[in-house]
Amino acid sequence: MTGVEYYYNDLWAKAKTQLKEDSSIGKLVYETYFEESNLVFLNEEKAVISVPTNLQKMILTQKLALIAETLSNLIHHPVVCDVRLQHEVVSTPEPVEVLPEQSDDNLLVGYTFDNFIVGPSNKEAHSAALACALTPGNFYTPLFIYGNSGLGKTHLLNAIGNYIKSNDPTKRVFFTSSTDFVTSVVNSIKDNSIEAFKQRMNRLDVLLMDDIQFIAGKEKSHEVFFNIFNELVNNKKQIVLTSDRNPSEIKGLEERLISRFSSGLSVGLDSPEFETSLAILKFRLESQSVDPYLVADDVLAYIATNFSKDVRKLEGALNRLLFYSINFSGSDKIDFKVALNAFKGNSSSSDKNEISVNKIKRVVSDYYGLTKQQLVSNSRTKNIASARHIAMYFCRKFLDLPFIKIGEEFGKRDHSTVINACEKVESYMKSDINYKQAIYELEKLINQT
Ligand code: ADP
Ligand code: MG
């Protein structure tokens with residue numbers, strides 16, 4: 001070993017000791033991804049770390065800032081870092097861009113384990129999901145994750161898929177909501193392609209099905225699903241399902257399916273407790289590059305206490321607060337007074353139970369972290385306009401109001417604007433699965449709250 005190599009080894013060993021202790025990495029991730037890394041180059045400005053596998057490269061790349069900071073502290077001057085694969089270091093000095101293969105896995109790429117905050121309320125589900133992602137097919141099948149809306153089921157399901165794909169891009173992963181599954185079954189029966197559909201499903205390595213409760217009562221889909229389920233299980237493939245409740249509590253689900261589901265592992269998600277809520281809020285602020293000192297501690301505590309029924313509400317409240325403070329508050333720090341103003345009138349009890357225009361406005365604006373005033377304002381900002389279209393669509397759908405009346409309710413708009421809005425919502429629902437999911441969730445909230 002040369003002197004330089006000794007120096008690199010020694011320095012990197014010190015850096016690793018610190019990284020191992022870092023709470024943002026954690027023991028499992030450290031041992032899986034950091035242990036085998038090496039420092040292979042260092043000059044005045046730059047350090048290069050090498051790792052054996054693509055997945056390790058991906059994970060380390062997400063932690064580059066922390067790695068750079070750790071190294072910089074040890075050598076007492078700032079360096080930027082780069083991660084390369086071992087063979088890239090030997091053969092080509094610059095990493096080659098590999099274009100991702102076109103995938104039809106349906107996965108939502110933004111949902112990963114990395115941006116999932118773990119606390120007592122979701123610890124069990126998280127650890128089961130991670131274990132499943134690490135050893136797909138050798139884990140309990142099905143893994144069944146249940147919990148109320150907004151607690152992270154869709155997030156975890158996609159995190160599993162994204163993790164498996166990044167680990168091994170050749171794995172055939174497919175994410176679908178049960179509603180889309182039912183639609184596919186119905187359509188493929190119509191055009192005589194049900195066998196082809198089944199074969200496609202039977203070839204999967206990992207089937208991720210969201211909100212399985214919506215398959216209830218759909219007989220043909222039950223049967224098709226049952227066949228696919230058995231085929232995948234027999235071939236030691238991985239199935240992960242989510243639902244808003246335990247398998248045995250889903251009405252209209254066939255016994256044989258319930259008993260199949262019970263042979264796997266069921267894990268529940270609860271509402272985040274205070275500390276977890278706080279951690280999620282801080283993480284959100286950080287990922288939106290908001291100065292953490294902008295929001296007073298008692299304000300974050302207030303949100304963590306009052307909006308912690310689910311994570312979606314937490315995020316909505318934080319967005320509302322930021323939006324309000326940017327647009328309506330003169331002060332540059334968000335203190336308790338600003339927060340109270342931002343949330344004033346938010347929890348009015350006058351429009352509970354019955355569905356009304358007011359209730360629709362409230363649920364939609366809450367969901368998107370807006371105020372009711374914004375919803376009916378002239379603003380054409382994309383997210384505000386989109387929320388407004390959705391609220392108009394629900395007024396039509398739930399209340400069957402005339403277009404003219406709906407127009408009046410939303411800032412005196414023309415009836416053709418309302419017709420347009422409703423058409424837009426319907427067409428987006430067809431083309432965008434996330435959008436459709438949001439609409440379903442809103443419907444549920446309008447019906448329930
Ligand atoms: P569900 O499918 O259970 O209704 P989602 O997975 O859609 O809930 O989660 C709702 C929102 O909350 C998403 O934006 C998701 O990223 C976020 N979220 C949920 N749980 C967490 C968590 N533990 N850490 C970070 N974000 C979370
Ligand atoms: Mg969901």
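In this text the structure is predicted, and so the values were computed from the model without any measurement. (Residues numbered from 1 in each chain as written. Chains lettered and ligands numbered in written order. Predicted model: local features only at pLDDT ≥ 70, side-chain atom pairs only at ≥ 80, totals over all residues. Heavy atoms only, no water.)

Draft legend 1. Summary view of the side chain of Lys63. Its place among the elements puts Lys63 in the loop between α3 (54-62) and α4 (64-75). One buried charged residue, Lys63, remains without a salt bridge, the closest side chain of opposite sign being Asp114 at 4.9 Å. Once residues lying within four places of it in the same chain are set aside, the contact partners of Lys63 are Ser24, Ile25 and Phe34. (Helix = DSSP H or I, 4+ residues; strand = E, 2+ residues; numbered from the N terminus. Buried < 20%, exposed > 50% of the residue type's maximum accessible area, 1.4 Å probe, protein only. Lys, Arg positive; Asp, Glu negative; His and termini not counted. Salt bridge = Lys/Arg side-chain N within 4 Å of Asp/Glu carboxyl O. Contact = heavy atoms within 4.5 Å.)

Draft legend 2. Spatial organisation of the sheet that holds strand β2 (residues 46-51). Taken together, the three strands give an open sheet; going across it, the order is β1-β2-β3, and neighbouring strands pair in mixed fashion. Since the sheet does not close on itself, it has two edges, and those belong to β1 (38-42) and β3 (80-85), each with one partner. Each strand of the sheet is rotated relative to its neighbour by a mean of 30°, with strand direction disregarded. Where β2 meets β3, six bridges bridge the pair, whose relative direction is parallel. Bridge pairing in β3 links Lys46 to Val80. Sitting on the sheet, helix α1 (residues 3-21) touches β1 and β2, and the angle it makes with β1 is about 120°. This element, α3, spans β2 and β3 of the sheet and lies at about 165° to β3. (Pairing = 2+ DSSP bridges. Axes fitted to C-alpha atoms, helices over the stretch in contact; angles between N-to-C directions.)

Draft legend 3. Layout of the environment of Glu354. Residue placement: Glu354 occurs in the loop between α15 (336-343) and α16 (357-367). Separated by 71 residues in sequence, Glu354 and Phe283 have C-alpha atoms that sit 36 Å apart.

Draft legend 4. Just the site of ligand 1, in detail. If you check the shell around ligand 1, you find 19 residues, and the closest are Ile117, Gly150, Lys153, Thr154 and His155. Here an oxygen atom of ligand 1 and a side-chain polar atom of Arg312 are 2.9 Å apart. Here an oxygen atom of ligand 1 sits 3.2 Å away from a polar atom, N or O, in the side chain of Glu315. If ligand 1 stood free it would expose 560 Å²; the protein chains cover 94% of that surface. (Near = heavy atom within 4 Å. Polar contact = N/O pair within 3.5 Å; in protein donor to acceptor, adjacent residues only side chain to side chain. Areas by Shrake-Rupley, 256 points an atom, 1.4 Å probe, with all protein chains shown as cover.)

Draft legend 5. Molecular detail of the nonpolar core. In terms of nonpolar packing, the biggest core is built from 53 residues, with Phe34, Leu71, Phe113, Leu143, Ile160 and Leu208 touching the most fellow members. Excluding its chain neighbours within four sequence positions, the residues that come into contact with Phe34 are Lys16, Leu19, Ile25, Val29, Ile59, Leu60, Lys63 and Ile67. Formed by 28 residues, the second largest nonpolar core is a distinct cluster that contains Tyr367, Leu375, Tyr393 and Ala421. (Core = buried A, V, L, I, M, F, W, Y, C linked by side-chain atoms within 4.5 Å.)

Draft legend 6. Fine view of the confidence of the model for the protein. Residues with a pLDDT of 70 or more make up 94% of the protein, whose mean pLDDT is 88. Counting interchain partners and residues more than four positions distant, the pLDDT-below-50 stretch residues 91-102 has eight contacts. For the stretch residues 347-352, pLDDT sits under 50, and the model shows seven contacts to residues farther than four places along the chain or on other chains. (pLDDT = per-residue confidence, 0-100.)

Draft legend 7. Main features of the pairing of strand β6 (residues 206-210). With five of five residues buried, β6 lies mostly within the body of the structure. Burial along β6 is two-sided: the residues Val206, Leu208 and Asp210 and Leu207 and Met209 are all buried. Where strand β5 (residues 173-177) meets β6, five bridges bridge the pair, whose relative direction is parallel. Paired with Phe175 across the two strands is Leu208, which belongs to β6. Strand direction decides the pairing type here: β6 and strand β7 (residues 238-243), joined by four bridges, are parallel. Within β7, the residue paired with Val206 across the bridge is Gln238. After leaving β6, the chain enters helix α10 (residues 219-234) and then returns to the sheet as β7, a path that is right-handed. (Right-handed = clockwise from strand over helix to strand, strands pointing away.)

Draft legend 8. Quick look at the pattern of salt bridges. The full count for this structure, using the stated rule, is 19 salt bridges. Between Asp10 and Lys14 there is a salt bridge; the shortest N-O distance is 3.3 Å. With a gap of four residues between them, Asp10 and Lys14 both fall in helix α1, about one helical turn apart. Looking at Lys14, the relative accessible area reads 43%, which means it is partly exposed. For Glu31, the salt bridge identified is with Lys27, shortest N-O distance 3.5 Å. Of the two residues, Glu31 and Lys27 both sit in helix α2 (residues 27-34), four residues apart, roughly one turn of that helix. One connected set of salt bridges, linked through shared partners, spans Lys46, Asp82 and Arg84.

Draft legend 9. Expanded view of the packing of aromatic side chains. Applying the stated criterion to the full structure yields 16 aromatic pairs. With 5.4 Å between their ring centres and 55° between their planes, Tyr393 and Phe394 make a pair best called tilted. Residue Tyr393 is classed as buried on the basis of its relative accessible area, which comes to 7%. Judged by relative accessible area, Phe394 falls into the buried class, the value being 0%. We note Arg256 situated over the ring of Phe226; from NZ or CZ to the ring centre the distance is 4.0 Å. One residue, Lys361, lies across the ring of Phe410, its end atom 5.3 Å from the ring centre. (Phe/Tyr/Trp six-rings, centres within 6.5 Å; stacked < 30°, edge-to-face > 60°. Lys NZ or Arg CZ within 6 Å of the ring centre and 35° of its normal.)

Draft legend 10. Focus on the sheet that holds β6. The strand order β5-β6-β7-β4-β8 describes an open sheet built from five strands, whose pairing is parallel. Taken across any chain shown, the strands that pair with only one partner, and hence form the sheet edges, are β5 and β8 (265-268). Sheet twist, expressed as the average angle between the axes of neighbouring strands with direction ignored, equals 15°. Of the strands in this sheet, β4 (143-146), β7 and β8 touch helix α6 (residues 123-134), which is tilted by about 140° from β8. Against the sheet, helix α7 (residues 153-167) engages β4, β5, β6 and β7, with an angle of about 165° to β6.

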